[in-house]
Number of protein chains: 2
Amino acid sequence: MSGLAPAVERVVGELCKLPGIGRKTAQRLVFHLLRAPASEVAALAAALAELPEKVRACPTCFHLSEGGLCPVCSDPRRDPSVVCVVEEPANVLAVERTGAFHGLYHVLGGVLSPLKDVGPEDLRVNELVERVRSGKVAEVVLALGSNVEGEATAVYLSRLLKPLVPAVTRLAQGLPAGADLEFTDDLTLARAFENRRNY
Amino acid sequence: MSGLAPAVERVVGELCKLPGIGRKTAQRLVFHLLRAPASEVAALAAALAELPEKVRACPTCFHLSEGGLCPVCSDPRRDPSVVCVVEEPANVLAVERTGAFHGLYHVLGGVLSPLKDVGPEDLRVNELVERVRSGKVAEVVLALGSNVEGEATAVYLSRLLKPLVPAVTRLAQGLPAGADLEFTDDLTLARAFENRRNY
């Protein structure tokens, strides 16, 4: 027996379904919530309750949005001539955190994967082609992971987009920040050599 | 800017207030929730919403309860003649997990701490004395932490309870399971020697 009141047990059970949260962590969270002001718990519950109804995909870039365009697409300071293609919404946040990109995004919704039976028709590839065809895009940056599936998807998209857009680029590959040559894997080091640049 | 839809940002902000959950973890949880079935998110929101209204302290032992007696106090198989005094509800779960205790609990709601200005009147000490005085308690087990505040509280309670109850005991102190003598601190080892037992 767990010795927990049913209402507590229900929250623990629901929290346990979240990734990275086990039973002990869930209990710790619930004990925190029980000590917290009721308004804080109510705010969390309300924010969660409205999540599935309110959040939609942005009609332009398929990033998370509330009703209309997403915060990036609706920002007039962003440069609409550069489109950064990413796998999923979380990647948009990762790029935004760098502050290094000022264009718009296109969220594919996955990468090509024959093993998982994901083809171009399962991704927002047609929407990307349509968007690029509309004519105002000068550069497409393929910001996909440097793993097998990400690279295959990037190659596929680059072939598809090259006839349509002046520049199709991809993220640089090389040493990560703070890397030690001694502990860098061979493939990364080989790519860093291949892509070496002039000072 | 975070580039997140307001509804998403709200959940991230609320999740960040929980202990051990930073911004990145909160985002990961929200992205999981956005992919999860809406019913799962609704179940979590509903369970959280009812938490502050439904959960009360058990009128007998002050463990978490829903309305009446807590699951432990209302279990007729528990032995009411042994009362285990713990600091907080989380400790009840820890003891329950061991399966080694079959009596009832008394949740103090803290430990004595002059530095934090916590005196006996801030804890459920009077309620404990009343409960013991009612006459049916044969043993009180003081299951408080073996730190300065826990020990001070145990000494205080033992003096208070000894005239009222046949036995006042405390948890054994000694080597933890799997301990290596070489890496055991001096105080633990000294206590293990003091409290050595016959085979």
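Computed from a predicted structure; not experimentally measured.

Here is what the cut-offs are and how they apply
Residues numbered from 1 in each chain as written. Chains lettered and ligands numbered in written order. Predicted model: local features only at pLDDT ≥ 70, side-chain atom pairs only at ≥ 80, totals over all residues. Heavy atoms only, no water. Domains from an automatic or database assignment. Pairing = 2+ DSSP bridges. Helix = DSSP H or I, 4+ residues; strand = E, 2+ residues; numbered from the N terminus. Axes fitted to C-alpha atoms, helices over the stretch in contact; angles between N-to-C directions. Least-squares fit on C-alpha atoms with pLDDT ≥ 70 in both. Contact = heavy atoms within 4.5 Å. Salt bridge = Lys/Arg side-chain N within 4 Å of Asp/Glu carboxyl O. Buried < 20%, exposed > 50% of the residue type's maximum accessible area, 1.4 Å probe, protein only. Expected span 1.5 Å × (residues − 1). Arc of directions from axis to C-beta. Right-handed = clockwise from strand over helix to strand, strands pointing away. Left-handed = near helix turned anticlockwise from the far one by under 90°. Nonpolar A, V, L, I, M, F, W, Y, C, P; charged D, E, K, R; others polar. Buried area = accessible area lost by both parts, 1.4 Å probe. Polar contact = N/O pair within 3.5 Å; in protein donor to acceptor, adjacent residues only side chain to side chain. Parallel < 35°, antiparallel > 145°, perpendicular 65-115°, else oblique.

Caption draft 1: Layout of the domain arrangement of chain A. The domains assigned to chain A are domain 1 (6-53) and domain 2 (80-170). Relative to domain 2 of chain A, the C-alpha centre of domain 1 of chain A lies at a distance of 36 Å.

Caption draft 2: Structural detail: the sheet that holds strand 4 (residues 103-107) of chain B. Residue and element names in this part refer to chain B. Read from one edge to the other, the open sheet built from four strands follows the order 4-3-5-6, with strand pairing classed as parallel. Unpaired on one side and paired on the other, strand 4 and strand 6 (167-170) mark the two borders of the sheet. Recorded for the sheet is a direction-independent mean angle of 25° between the axes of neighbouring strands. Bridging between strand 5 (residues 139-142) and strand 6 involves four bridges; their strand directions are parallel. Pairing of L142 across the sheet is with R170, part of strand 6.

Caption draft 3: Up close: the relation of the copies chain B and chain A. After a rotation of 179° and a shift along the axis of 0.1 Å, chain B superposes on chain A with an RMSD of 0.1 Å. Put plainly, the chains are arranged around a two-fold axis. Every residue of chain B has its C-alpha some distance from the rotation axis, and the shortest such distance is that of B:A45, at 2.2 Å. Of all interface residues in chain B, 100% are interface residues in chain A too; the two copies therefore contact each other through one and the same surface.

Caption draft 4: View of the pattern of salt bridges. According to the stated counting rule, one finds 20 salt bridges over all chains in the structure shown. With its nearest N and O atoms 2.5 Å apart, the salt bridge here joins A:R10 to B:E50. With one member in each of two chains, A:R10 in helix 1 (residues 6-16) and B:E50 in helix 3 (residues 38-54) form a pair that bridges those chains. Since its relative accessible area comes to 37%, A:R10 is described here as partly exposed. Residues B:R35 and A:E88 are paired through a salt bridge, measuring 3.9 Å at the closest nitrogen-oxygen approach. Within this pair, whereas B:R35 is found in helix 2 (residues 23-35), its partner A:E88 is found in the loop between strand 3 (79-86) and helix 4 (89-98), the two belonging to separate chains.

Caption draft 5: Inspection of helix 6 (residues 148-161) of chain A at higher detail. Residue and element names in this part refer to chain A. Compared with the 20 Å implied by 1.5 Å per residue over 14 residues, the 20 Å span of helix 6 between its first and last C-alpha is a close match. For helix 6, every residue scored as buried is listed here: G150, E151, T153, A154, L157, S158 and L161. Down the axis of helix 6, the smallest arc covering the buried residues is 160°, so these residues share one side. Along helix 6, exposed side chains directed more than 90 degrees from the buried face belong to V148 and R159. Looking at the buried positions of helix 6, the neighbouring elements they touch are strand 3, helix 5 (125-133), strand 5 (139-142), strand 6 (167-170) and helix 7 (186-194).

Caption draft 6: Just the side chain of B:E50, in detail. Judged by relative accessible area, B:E50 falls into the buried class, the value being 17%. Excluding residues that lie within four positions of it along the chain, B:E50 makes contacts with A:A7 and A:R10.

Caption draft 7: Main features of the pairing of strand 3 (residues 79-86) of chain B. Residue and element names in this part refer to chain B. Looking at chain direction, strand 3 and strand 4 are connected through five bridges and run parallel. By the bridge assignment for strand 4, D79 is matched with G103. The parallel pair strand 3 and strand 4 is bridged by helix 4 (residues 89-98), and the resulting crossover is right-handed.

Caption draft 8: Main features of the packing of helix 5 of chain A against helix 6 of chain A. All names here are of chain A. Relative to each other, helix 5 and helix 6 sit at 35°, their axes nearing to 11 Å. Helix 5 and helix 6 meet at a crossing whose hand is right-handed. Along the contact surface, helix 5 presents V125, L128, V129 and V132, while helix 6 presents Y156, L157, L160 and L161. Split by residue class, the contact of helix 5 with helix 6 holds eight nonpolar, no polar and no charged.

Caption draft 9: Seen up close, the interface of chain B and chain A. If you look at the interface, chain B gives 54 residues, while chain A gives 54 residues. With both sides pooled, the region where chain B packs onto chain A buries about 4,800 Å², and carbon together with sulfur makes up 74% of that total. One can count four salt bridges joining chain B with chain A. The interface formed by chain B and chain A includes five residue pairs in polar contact (both at pLDDT 80 or more). Of all the secondary structure elements, the ones that give two or more residues to the side of chain B that touches chain A are helix 1 (6-16), helix 2, helix 3, strand 2 (64-66) and helix 4 of chain B. For the side of chain B that touches chain A, the leading source of residues is helix 3 of chain B, giving 13 residues. When the residues that make up the side of chain B that touches chain A are grouped by side-chain class, the tally is 33 nonpolar, six polar and 15 charged.

Caption draft 10: Up close: the packing of helix 1 of chain A against helix 2 (residues 23-35) of chain A. All names here are of chain A. One way to put it is that helix 1 packs onto helix 2 with a least axis distance of 9 Å and a crossing angle of 130°. Taken together, the axes of helix 1 and helix 2 are oblique relative to one another. The handedness of the crossing between helix 1 and helix 2 is right-handed. Contact residues: helix 1 offers V8, E9, V11, V12, L15 and C16, while helix 2 offers R23, A26, Q27, L29, V30 and L34.

Caption draft 11: Geometry of helix 1 of chain B. Along helix 1 of chain B, the residues classified as buried are B:A7, B:V8, B:V11, B:V12, B:E14 and B:L15. Looking straight down helix 1 of chain B, one finds that the buried residues subtend no more than 165° of arc, so they occupy a single side. Of the surrounding secondary structure, the elements contacted by the buried residues of helix 1 of chain B are helix 3 (38-54), strand 1 (55-57) and strand 2 (64-66) of chain A together with helix 2 of chain B.

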